[in-house]
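Working through the structure, step by step
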Amino acid sequence: MQHFETHVQGPANVSIASSQVNQALTVSDSAWGDKVSAVLDAVTQAIGALTADESEQVAQLVDEARQGVSAQEPTRTRQALIALGGFLKDVSSGALGGILSTQVLALVALFS
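Residues numbered from 1 in each chain as written. Predicted model: local features only at pLDDT ≥ 70, side-chain atom pairs only at ≥ 80, totals over all residues. Heavy atoms only, no water.

1. So, the overall build of the chain
Going by this rule: The way it works is that DSSP assigns letters per residue, a run of H or I at least four long becomes a helix, a run of E at least two long becomes a strand, and they are numbered from the N terminus. The buried label applies to any residue whose accessible area, calculated with a 1.4 Å probe on protein chains only, is under 20% of its type's maximum; exposed applies above 50%, and partly exposed to all values in between. Two residues qualify as a contact provided that any one of their heavy atoms is within 4.5 Å of a heavy atom in the partner residue. To measure how exposed things are, a 1.4 Å probe is used in the Shrake-Rupley method; for residues, cover is taken only from the protein chains shown.
Scanning the chain for helices and strands turns up 4 helices and 2 strands. In sequence order, the secondary structure elements of the chain are arranged as β-β-α-α-α-α. Out of the 112 residues belonging to the chain, those deemed buried represent 33%. If you take every contact in the chain between residues at least 6 apart in sequence, the share linking residues at least 24 apart comes to 54%. Of the accessible surface of the chain, which amounts to about 6600 Å², a share of 53% is contributed by carbon and sulfur atoms.

2. As for unusual backbone geometry
Even without being a glycine, Q72 presents a positive backbone phi close to 55 degrees. Following the sequence through the fold, Q72 ends up in the loop between α2 (52–70) and α3 (74–89). The class for Q72 is exposed, based on a relative accessible area of 53%.

3. As for helix α4 (residues 94–107)
Applied cut-off: Take the number of residues in a helix, subtract one, and multiply by 1.5 Å to get its expected span. By arc we mean the arc of the directions from the helix axis to the C-beta atoms, nothing more.
With 14 residues, α4 ought to run about 20 Å at 1.5 Å a step, and its terminal C-alpha atoms sit 20 Å apart, in line with that. Residues of α4 that are buried: G97, L100, S101, V104 and L107. Each buried residue of α4 lies within a common arc of 110 degrees when the element is viewed along its axis, so the set occupies one face. For α4, the exposed residues lying more than 90 degrees away from the buried face are A95 and T102. The elements touched by buried residues of α4 are α1 (32–46) and α3.

4. Looking at the pattern of salt bridges
In plain terms, the rule: Any Lys or Arg side-chain nitrogen located within 4 Å of an Asp or Glu carboxyl oxygen qualifies as a salt bridge.
What the rule picks out here adds up to 3 salt bridges. Among the salt bridges present, the one from E64 reaches R76, with a minimum N-O distance of 2.8 Å. In this pair, E64 is assigned in helix α2 and R76 in helix α3, connecting sequence segments 12 residues apart. Exposure remark for E64: the relative accessible area of 31% places this residue in the partly exposed category. Taken together, the shared-partner salt bridges connect E64, E73 and R76 into one network.

5. Structural notes on the nonpolar core
The nonpolar side chains of soluble globular proteins are, as a tendency, buried together. Heads up, the rule is: Throughout, nonpolar core names a set of buried Ala, Val, Leu, Ile, Met, Phe, Trp, Tyr and Cys residues whose side chains join them through atoms within 4.5 Å.
By size, the foremost hydrophobic cluster in this structure holds 23 residues, and its most contacted members are V36, V43, V58, L81, L84 and L88. Of all the elements in the fold, those that place two or more residues in this core are α1, α2, α3 and α4. With 6 residues, α1 is the largest single contributor of residues to this core. Residue contacts for L84: discarding those within four places in its chain leaves L40, V43, V58, L61, V62 and V104.

6. What about the side chain of E54?
Operational definition: Under the convention used here, Asp and Glu are negative, Lys and Arg are positive, and both His and the chain ends fall outside the count. The term polar contact refers here to a pair of N or O atoms within 3.5 Å; inside protein, the definition further demands a hydrogen-donor-capable atom paired with an acceptor-capable atom, and it admits residues adjacent in sequence only when both atoms are side-chain atoms.
Along the chain, E54 turns up in helix α2. We note that E54 is buried and unpaired, the nearest opposite charge coming from K89 at a distance of 16 Å. Side-chain polar atoms of E54 contact the backbone nitrogen of T51, separated by 3.2 Å.

Set out below in structure tokens:
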């Protein structure tokens, strides 16, 4: 069972994108790090099939996500996964990128 708690500090009618709002995300699924790491391992294995430029960018995004997992920082991890999923979803990364993007972006649901 997963329990998510979001705390917004600021008026309820203020946009989340506003600089006047602080949002903290609490994820109580103790296995979220393991789930993220497993998908990041799959992405890492597939890096060799990408072009050199794509491989470098994906490796940087994977590293950022792994740092978020290691530090137990769900918000940082979520941001890295969104960036990684968006990059892999780009047409230039082909069918493999599309498959990996679907897996990576599915993890974002752990944090919303």
